[in-house]
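The residues making up each chain are set out below.
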Amino acid sequence: MASSLGFDFLTKKPYSPPSWASHLHPLPSHVFSLAHLPTPIHRWNLPNLPPNTELWIKRDDLSGMQLSGNKVRKLEFLMADAVAQGADSVITIGGIQSNHCRATAVAAKYLNLHCFLILRTSDLLVHQDPGLTGNLLVERLAGAHLQLISKQEYAKIGSVTLTNVLKEKLIKEGMKPYVIPVGGSNSLGTWGYIEAVREIEQQIQRGTDNVKFDDIVVACGSGGTVAGLSLGSSLSTLKARVHAFSVCDDPDYFHNFTQGLLDGLKAGVSSRDIVDIQNAKGLGYAMNTSEELNFVKEVAAATGVVLDPVYSGKAAYAMMKDMHENPKKWEGRRILFIHTGGLLGLYDKVDQLASFVGNWQRMDVNESVPRQDGIGKMF
């Protein structure tokens, strides 16, 4: 929710949906102000765009610091529901560098709730301390309780059963846990990006350029962001075509999963009619080729925008590849790319990135430059 001036960060407010979404059901009753909104939209001059193609970027990576990225928009609704249900703790689940789990850990502490995270890691690492790299540092500083699960167990048992097992255990211990699914992607979490569409609409109306976007491009990792954006865009005045680039599973899986979210809101639309989903998984979820990481470096060096390696980096890489292979599809179009955050995930890639950065040397100070004791006392 775009906040007015004053002290409404971390306050709970009654929610009223955009008029074009008021037929959806169920409607959320409340929302917590957790994100710094609206996030900026600006021109993004990536090199090598097709002729007359105009690229803009919405910076949902700037929705906060510890609590940032696209997950915060979903958590505004999910946390309001947790508090309304009298929960004293939240449980969620994801990969070892899950941005969603980190955001949930911070949001939980803002609202004085305990946080339990089930984190998926390799079979080799499941019995040892996971360390403090990237998202893990913030989660552990915020006092989240980490439960490690191997990829193999995760594949056999599934996220729903795993969170339920932990929920039953906590209930037996006298707690009142609230379960948030992978990526916060359920029908309630979808409202985060229905609301983001209203925000984009308002930004366009307030802008002087009278910009009309033909396309919206976004990464797809759990489905909720794509469901909200595509439903919102089709219902509102935006009417931009949504192109999602999936970074795990496959497009068919996400079309079906998104359909389930839409049906959960009684939207009465087919996901295949409102969103195109293309595969951008590459080597696999959270695994990068050197080309993808070099692309992230090149984009940062050219534009100052730092993409993350797991989501937006792969989506932008796949978008540019598609523009190169199918320029006619994108020529003359005005595109809005949604940066969904995840900067902390880059810390997990430093070893792979090291070879691309270079650019350092010992500063050469000539012997003749005057030296005087006591000048540079900073130590």
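See the structure printed just above.
Going along each chain's sequence as written, the residues are numbered from 1 onward. Reporting of local features is limited, given that this is a predicted model, to residues whose pLDDT is at least 70; pairs of side-chain atoms are given and counted only at 80 or more, and all residues count toward the totals for whole chains, interfaces and linings. Calculated side-chain values reflect all of the structure's heavy atoms, with hydrogen atoms and water omitted.

Some points on the nonpolar core
Reasoning step 1: To form a nonpolar core, buried Ala, Val, Leu, Ile, Met, Phe, Trp, Tyr and Cys residues must be joined to one another through side-chain atoms within 4.5 Å. Partly exposed describes any residue whose relative accessible area lies between the buried limit of under 20% and the exposed limit of over 50%, with all areas from a 1.4 Å probe on protein chains only and scaled to the type maximum. With 63 residues, the main nonpolar core has Trp-44, Leu-307, Met-319 and Phe-337 as its most contacted residues.
Reasoning step 2: Trp-44 has contacts with Leu-55, Trp-56, Ile-57, Val-299, Thr-303, Val-305, Leu-307, Ala-316 and Phe-337, leaving out every residue within four places of it along the chain.
Reasoning step 3: Ranked by size, the runner-up nonpolar core spans 29 residues in total, among them Leu-34, Ala-35, Cys-101 and Ala-144. Note on contacts: a residue pair qualifies if any of its non-hydrogen atoms lie within 4.5 Å across the two residues.

A short note on empty space enclosed by the protein
Reasoning step 1: Both cavities and pockets are sets of points on a 1 Å grid over the protein atoms alone; in a cavity a 1.4 Å probe fits but cannot get out, in a pocket the set is open with protein on both sides within 12 Å along at least five of seven lines, and lining residues sit with an atom within 4 Å of a point. Grid points are joined across faces, edges and corners, and a volume is the space filled by probe spheres set on the points. Counting across every chain of the model gives one cavity of 30 Å³ or more.
Reasoning step 2: Lining the largest cavity are 16 residues, with Asn-70, Lys-71, Ala-219, Gly-221 and Tyr-311 sitting closest to its centre.
Reasoning step 3: If you list the elements that add at least two residues to the lining of the largest cavity, you get α1 (71-84), β9 (215-220) and α7 (224-235).
Reasoning step 4: Charged means Asp, Glu, Lys or Arg here, nonpolar means Ala, Val, Leu, Ile, Met, Phe, Trp, Tyr, Cys or Pro, and polar covers whatever is left, Gly included. Of the residues belonging to the lining of the largest cavity, the class tally is four nonpolar, 10 polar and two charged.
Reasoning step 5: Segment limits for the domains were obtained from an automatic or database-derived domain assignment. Composition of the lining of the largest cavity by domain shows at least three residues from each of domain 1 (11-69 + 186-354) and domain 2 (70-183). Numbering goes from the N terminus for both helices and strands, where a helix is a DSSP run of H or I of at least four residues and a strand is a run of E of at least two.

Some points on a nonpolar patch on the surface
Reasoning step 1: Taken together, Leu-132, Leu-137 and Leu-141 make up a surface patch of nonpolar side chains, about 320 Å² in accessible area.
Reasoning step 2: Position of Leu-137 among the secondary structure elements: in helix α3 (residues 135-141).
Reasoning step 3: Taking the relative accessible area as the measure of exposure, Leu-137 reaches 36% and is therefore partly exposed. Every patch collects residues that have over 30% relative accessible area and no salt bridge, joining them within 9 Å if they carry like charges and within 5 Å if they are nonpolar side chains (Val, Leu, Ile, Met, Phe, Trp, Tyr). We get accessible surface area from the Shrake-Rupley algorithm with a probe of 1.4 Å; when it comes to residues, only the shown protein chains can shield them. A pair is scored as a salt bridge if a Lys or Arg side-chain nitrogen falls within 4 Å of a carboxyl oxygen belonging to Asp or Glu.

Everything listed here is a matter of geometry and, on its own, says nothing about what the molecule does.
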